[in-house]
Amino acid sequence: MLKAKDLINQSVEELEAQYEDLSREIFELLNELKLARKLDKPHLLKEKKRDRARILTVLRQKQVKGA
């Protein structure tokens, strides 16, 4: 689980890379869910979506602060 405190100290490029990785992982989990009709660790999907939202929030804060 990612913490907002840790994300604030990262650069925009690092955050965008993490966002892409999380999006890819979420995509793979959703495909697995559609194919197998169940996940081995269903809590991961919710956790990764929340982490992705945290990253988007920090990116937006950095945009507003920079503008």
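Residues numbered from 1 in each chain as written. Predicted model: local features only at pLDDT ≥ 70, side-chain atom pairs only at ≥ 80, totals over all residues. Heavy atoms only, no water.

This brings us to the overall build of the chain. From N to C terminus, the chain includes 3 helices and 0 strands. Radius of gyration (C-alpha) of the chain: 14 Å, far over the 11 Å computed for a compact globule of 67 residues. With respect to the three principal axes, the spread of C-alpha positions in the chain is 45 × 15 × 15 Å. Among the 67 residues that make up the chain, the fraction classed as buried is 19%. In the chain, once contacts between residues fewer than 6 apart in sequence are set aside, the share between residues at least 24 apart is 61%. With the model as given, the accessible surface of the chain reaches about 5300 Å², and the carbon-plus-sulfur share is 52%. (Helix = DSSP H or I, 4+ residues; strand = E, 2+ residues; numbered from the N terminus. Rg over C-alpha atoms; globule rule 2.2 N^0.38 Å. Buried < 20%, exposed > 50% of the residue type's maximum accessible area, 1.4 Å probe, protein only. Contact = heavy atoms within 4.5 Å. Areas by Shrake-Rupley, 256 points an atom, 1.4 Å probe, with all protein chains shown as cover.)

With that settled, consider unusual backbone geometry. Unlike most non-glycine residues, R37 shows phi in positive territory, near 65 degrees. One can find R37 in the loop between helix 2 (12–36) and helix 3 (43–66). The class of R37 is exposed, set by a relative accessible area of 74%.

To continue, consider the UniProt feature "coiled-coil region" (unreviewed entry) in the chain. The positions that UniProt labels "coiled-coil region" (unreviewed entry) are, in the present scheme, residues 5–39. The straight-line gap between the two end C-alpha atoms of residues 5–39 is 30 Å; of that span, 83% is helix and 0% is strand. (UniProt positions renumbered as here; feature names shortened; annotations may be inferred.)

A word on the confidence of the model for the chain. Overall, the prediction assigns the chain a mean pLDDT of 92, with 99% of residues at 70 or greater. Element-level pLDDT for the chain is lowest in helix 1 (residues 4–8), with a mean of 87, against a maximum mean of 95 in helix 2. (pLDDT = per-residue confidence, 0-100.)

How two helices pack is summed up by the angle between their axes together with the distance between the axes. Packing of helix 2 against helix 3 leaves a shortest axis separation of 9 Å and a crossing angle of 155 degrees. When the interaxial angle is binned, helix 2 and helix 3 end up roughly antiparallel. Between helix 2 and helix 3 lies a crossing of left-handed hand. Contacts between helix 2 and helix 3 involve V12, L15, E16, Q18, Y19, L22, S23, E25, I26, L29 and L30 from the former and L44, L45, K48, K49, D51, R52, I55, L56, V58, L59 and K62 from the latter. (Axes fitted to C-alpha atoms, helices over the stretch in contact; angles between N-to-C directions. Parallel < 35°, antiparallel > 145°, perpendicular 65-115°, else oblique. Left-handed = near helix turned anticlockwise from the far one by under 90°.)

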